[in-house]
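Observations on chain architecture
Each chain, written out:
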Amino acid sequence: MAIEVNGKMYETDEEGYLANLNEWTKEIGEAMAVADNADLSESHWEVINFLREYYDEYQIAPAVRVLTKAIGKKFGKDKGNSKYLYELFPYGPAKQACKYAGLPKPTGCV
Amino acid sequence: MGMLHVVNKSPFEKTSLDSCLVYAKEGAAILLIEDAVYAALKDTAVADKVRAALKKCKVYALEPDIKARGMEVAKVIDGIDVVNYGGFVDLATAYDNVHSWV
Amino acid sequence: MEGGVVKKFLYVNRRAPYGSIYALESLEVVLIGAAFEQDVSLLFVDDGVYQLKKGQDTSGVEMKNFSPTYNALGDYDVNKIYVDQESLEKRNLTTDDLMALTYEDEDDDYAEKPSIRVISRDEVADLMEEQDVVLSF
């Protein structure tokens, strides 16, 4: 599979995750969201950017439980809970946000 | 020239380096790659036998594999030559034949 | 997994990274196990101690450097990381050669504490006996 952004094709896996995370741009994330009928706000980007930073440091996408805890620590308790994160990303915060962030599907995510 | 022996298993897990040392003849070369680069480092439990091998053979270790494992080239046993992939190719062509101890 | 059964899992790591797939596979299984909130301990013996060596740089061998992921174990509440003393000594390594893995203790105002504990051969034997499940890689 592939996704087209600004006339360029980017390879993805069968679930739509970007094949090469170094190719990622903000525009690719936005195009993936449009394809899912999702509208990305500042709050969405807060989570997406956090995931990219986490991957950069640890070379993995965090599990939902770990993401929730870490978001709470960084952005405050009102954001560090599954209700808030599932409202932003109804398909599952780790799964959906990782896709827009160009990361592989998180380990342990079923 | 004689034979180039290539060893790729850790000397602490497998006996391929031991066997290689038994069979390597005077004038042969031993190239340590992948997990065998751990055998190239000073002051380990296997360092004595590697130093003994240096008396009859040339010993080489592959630098990218040393670095991948976070080990330091500065801690390689004196007398072992550290080579890169180009050096690996040069050795393979310089010796009459290659024996990979897998 | 609230209300689920929590078992004591020990993952025994005996092989060096990069030379085979075992180290990376073990790490992935550990992260999956931890995501299901099990009581996880890691043990590094024999060549497994090389997995924790600091300063790994795989840019020359075109493989993924997965050593930074060990630093995430604390986030997954995996904070019991045991290293066999004798295996270190045989390889001329000390704890200074290993990555300084830490976790935040929620019961102690999130104080950062070391996760790695160097233990003797006898302590390794006891550790194995205490477990519900022992998985070796």
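We now turn to the structure provided with this report. (Residues numbered from 1 in each chain as written. Chains lettered and ligands numbered in written order. Predicted model: local features only at pLDDT ≥ 70, side-chain atom pairs only at ≥ 80, totals over all residues. Heavy atoms only, no water.)

Quick look at the pattern of salt bridges
Opposite charge on two side chains makes pairing possible when the charged atoms of those side chains draw close. A complete count under the given rule lists 26 salt bridges over all chains for this structure. Taken together, the shared-partner salt bridges connect A:Arg65, A:Lys69, C:Asp77 and C:Glu106 into one network. (Salt bridge = Lys/Arg side-chain N within 4 Å of Asp/Glu carboxyl O.)

Details of the sheet that holds strand 3 (residues 58–62) of chain B
All names here are of chain B. Pairing within the open sheet is parallel, and its five strands lie in the order 4-3-2-1-5. Only two strands of the sheet have a single neighbouring strand rather than two, namely strand 4 (81–83) and strand 5 (97–101). Across the sheet, the axes of successive neighbouring strands diverge by a mean angle of 25 degrees, strand direction being ignored. Of the pairings in the sheet, the one linking strand 1 (residues 3–7) to strand 5 comprises five bridges and is parallel in character. Opposite His-5, over in strand 5, you have His-99 as the bridge partner. Contacting strand 1, strand 2 (29–32), strand 3, strand 4 and strand 5, helix 4 (residues 85–94) runs over the sheet at an angle of about 145 degrees to strand 3. (Pairing = 2+ DSSP bridges. Helix = DSSP H or I, 4+ residues; strand = E, 2+ residues; numbered from the N terminus. Axes fitted to C-alpha atoms, helices over the stretch in contact; angles between N-to-C directions. Contact = heavy atoms within 4.5 Å.)

Quick word on the state of the cysteines
Residue and element names in this part refer to chain B. Overall, the coordinates contain zero disulfides over all chains when judged by the stated rule. Free of any disulfide, Cys-57 has its nearest neighbouring cysteine sulfur in Cys-20, separated by 7.4 Å. Here Cys-57 falls in the buried class, since its relative accessible area comes to 6%. (Disulfide = S-S within 2.5 Å. Buried < 20%, exposed > 50% of the residue type's maximum accessible area, 1.4 Å probe, protein only.)

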